[in-house]
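Geometric and topological summary
Residues per chain are reported as follows:
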Amino acid sequence: MPSTELRSSSTGKKIESKMKLYNNMHWYEQELSKTITKLSLTYFEVNQEILNNLSNYLKMEECLVHELVLDRINLSNLNYLCCLTPDIKVKKLWLRFCQLKDKGVNYLLDILDETSGKTQLNSLYLDCNGITCEGAKKIAQILRTNRTLKSLSLARNLIKDEGAFALMSVLSKFQLNSDEIDWKSTQEQKSNRILEYLMDILAQKLKEKNSPSNDSINCAGLTSIELASLKQRAENMIFPHTHPYLTGQLLKSELNYHSPGNFKIEYLNISYNRFSSNILSVIEQIFHYQQKVCMAKEGLRNIKIEGFDKKQIERINKLIEGKLRLDNRSKKFR
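Residues numbered from 1 in each chain as written. Predicted model: local features only at pLDDT ≥ 70, side-chain atom pairs only at ≥ 80, totals over all residues. Heavy atoms only, no water.

1. Some points on the layout of surface pockets
Roughly 280 Å³ of volume is contained in the second largest pocket. Around the second largest pocket sit 16 residues that line it, and Gln 249, Pro 260, Gly 261, Phe 263 and Glu 298 are the ones nearest its centre. Residue composition of the lining of the second largest pocket, grouped by class: 6 nonpolar, 5 polar and 5 charged. (1 Å grid on protein atoms, 1.4 Å probe; cavity = no way out; pocket = protein on both sides within 12 Å on 5 of 7 lines; lining within 4 Å. Points joined across faces, edges and corners; volume = space filled by probe spheres on them. Nonpolar A, V, L, I, M, F, W, Y, C, P; charged D, E, K, R; others polar.)

2. Some details on the sheet that holds strand β8 (residues 174–175)
The 3 strands lie next to each other as β8-β10-β9, forming an open sheet whose pairing is antiparallel. The outermost strands of the open sheet, each flanked by one partner alone, are β8 and β9 (251–253). Inspection of the sheet shows β8 paired to strand β10 (residues 256–259) by 2 bridges, in the antiparallel sense. Bridge pairing links Phe 174 to Ser 259 in β10. (Pairing = 2+ DSSP bridges. Helix = DSSP H or I, 4+ residues; strand = E, 2+ residues; numbered from the N terminus.)

3. Considering the environment of Val 282
Within the fold, Val 282 resides in helix α8 (residues 278–293). When the C-alpha positions of Val 282 and Met 168 are compared, they lie 7.5 Å apart, and in sequence the two are 114 residues distant. With near-sequence residues (within four places) excluded, Val 282 lies in contact with Phe 165 and Met 168. (Contact = heavy atoms within 4.5 Å.)

4. Quick word on the pattern of salt bridges
For the coordinates displayed, the defined rule picks out 7 salt bridges. A salt bridge links Glu 67 to Lys 38, with the nearest nitrogen and oxygen atoms 3.8 Å apart. Highlighted residues: Glu 67 in strand β4 (residues 67–69) and Lys 38 in strand β3 (residues 36–40), separated in sequence by 29 residues. One exposure class covers both Glu 67 and Lys 38, and it is buried. With a closest N to O distance of 2.8 Å, Arg 144 and Glu 180 form a salt bridge. Placement of the pair is Arg 144 in the loop between α4 (133–143) and β7 (151–153) and Glu 180 in helix α6 (residues 178–210), with a sequence separation of 36 residues. The two residues Arg 144 and Glu 180 agree in class, both being buried. (Salt bridge = Lys/Arg side-chain N within 4 Å of Asp/Glu carboxyl O. Buried < 20%, exposed > 50% of the residue type's maximum accessible area, 1.4 Å probe, protein only.)

5. Things to note about the pairing of β10
Regular strands place side chains that alternate from one sheet face to the opposite one. In this structure, β9 lies alongside β10, joined through 3 bridges in antiparallel fashion. Residue pairing across strands places Leu 251 opposite His 258, the latter belonging to β10. Remark: 2 residues form the turn of the hairpin made by β9 and β10, two consecutive strands paired antiparallel; Glu 254 in that turn has positive phi of roughly 55°.

6. Quick word on the nonpolar core
The biggest cluster of nonpolar side chains holds 70 residues, and the ones touching the most others in it are Leu 58, Leu 75, Leu 95, Met 168, Ile 283 and Ile 303. When contributions to this core are tallied by element, the ones reaching two or more residues are β3, α2 (48–58), α3 (101–112), α4, α5 (161–169), α8 and α9 (310–332). The contacts of Ile 283, once residues within four sequence positions are left out, are Met 168, Ile 270, Ile 303, Ile 305 and Ile 316. (Core = buried A, V, L, I, M, F, W, Y, C linked by side-chain atoms within 4.5 Å.)

7. Quick notes on the packing of α5 against α8
It is at 10 Å that the axes of α5 and α8 come closest, and there the two elements cross at 5°. As the angle between them shows, α5 and α8 are arranged roughly parallel. Between α5, through Asp 161, Ala 164, Phe 165, Met 168 and Ser 169, and α8, the contact on the second element is made entirely by Asn 278, Ile 279, Val 282, Ile 283 and Ile 286. Looking at the contact of α5 with α8 residue by residue, the classes come out as 7 nonpolar, 2 polar and 1 charged. (Axes fitted to C-alpha atoms, helices over the stretch in contact; angles between N-to-C directions. Parallel < 35°, antiparallel > 145°, perpendicular 65-115°, else oblique.)

8. Considerations on the confidence of the model for the chain
Averaged over all residues, the pLDDT of the chain equals 82, while 76% of them reach at least 70. Here strand β2 (residues 14–18) stands out as the element of the chain with the lowest mean pLDDT, 47, in contrast to β7, whose mean of 98 is the highest. Here residues 15–25 scores under 50 on pLDDT; set against residues more than four positions off or in separate chains, the count is 35 contacts. (pLDDT = per-residue confidence, 0-100.)

9. Structural notes on α4
Taken residue by residue, α4 has Cys 133, Gly 135, Ala 136, Ile 139, Ala 140, Ile 142 and Leu 143 as its buried positions. Along its buried surface, α4 packs onto α3, β7 and α5.

10. Examining the side chain of Ser 153
Here Ser 153 is to be found in strand β7. Classification of Ser 153 as buried rests on a relative accessible area of 1%. Among the polar contacts listed, one links the side chain of Ser 153 to the side chain of Asp 127, at a separation of 2.5 Å. Once residues lying within four places of it in the same chain are set aside, the contact partners of Ser 153 are Leu 124, Tyr 125, Leu 126, Asp 127, Tyr 267 and Asn 269. (Polar contact = N/O pair within 3.5 Å; in protein donor to acceptor, adjacent residues only side chain to side chain.)

11. Looking at the environment of Gly 104
Structurally, the position occupied by Gly 104 is in helix α3. For Gly 104, a relative accessible area of 7% translates into the label buried. The sequence separation of Gly 104 and Leu 75 amounts to 29 residues, and the corresponding C-alpha distance is 8.2 Å.

Written out as structure tokens, the structure reads:
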């Protein structure tokens, strides 16, 4: 029976523990301390039953695990997403050597897609999974709107120039496609209808308070000051938009919308893939762009691109060092 790595929330030190996962359906209720913050099942012979039990443990209110390591477990035919539901606190996920391939990436995108809700994952490690350009482009599509993920590692996969370019492009200014514009328009229409409905309700209550005999009053009979006040109250009742396409950050030119880019990704590892050195010049351009438009502590702060000529990598490392110096200088003058 392999030992699993556990880390205590109180001391931060590793705790070695043996878990008899096969013999007890409710092992998670008995053998795991409620103070554990990191749980590693690397090399375990995991089946779906074990993952379901793990999911039950992670959903416990007293569970404090925020880092989950499933490295070197064949997850190609297992539903590991049960361990990543919205009510689970895991923020850091390790899935290296898990044989996910592009198909596995597709499943993971449901967790990273923030269109329908906020994800908690801020660190994701997908090294050595046979991911190709297809998987890389799908991850890039999600990064157009995901603003929670800060660290992403895709080292030692099968990504070529096309996939690498797609990943890097979302870190700079990009144009919304027709589907994204349609989605944005639909969401804004829904929000406006809700706002109008709430304003009519508030207006009715206001008029009933001032003139109880009038039974059919709407916003049309109010002054501009009263309307502005009602609108503010109604907007406060609507859940605030966090989606980057609905927060007023987009740039509009004629009928097109542009996003300034995803500046939340701080760490990116794309070492030892199959793209050419042409991508290095793209990375340099993105660093220059982000230095011009990003606030302090926004944008890439560390990128790993091992597998190329050292001189080429040194140029990018110097750009990183320059950005960190600027960030530190900005911090001092605050």
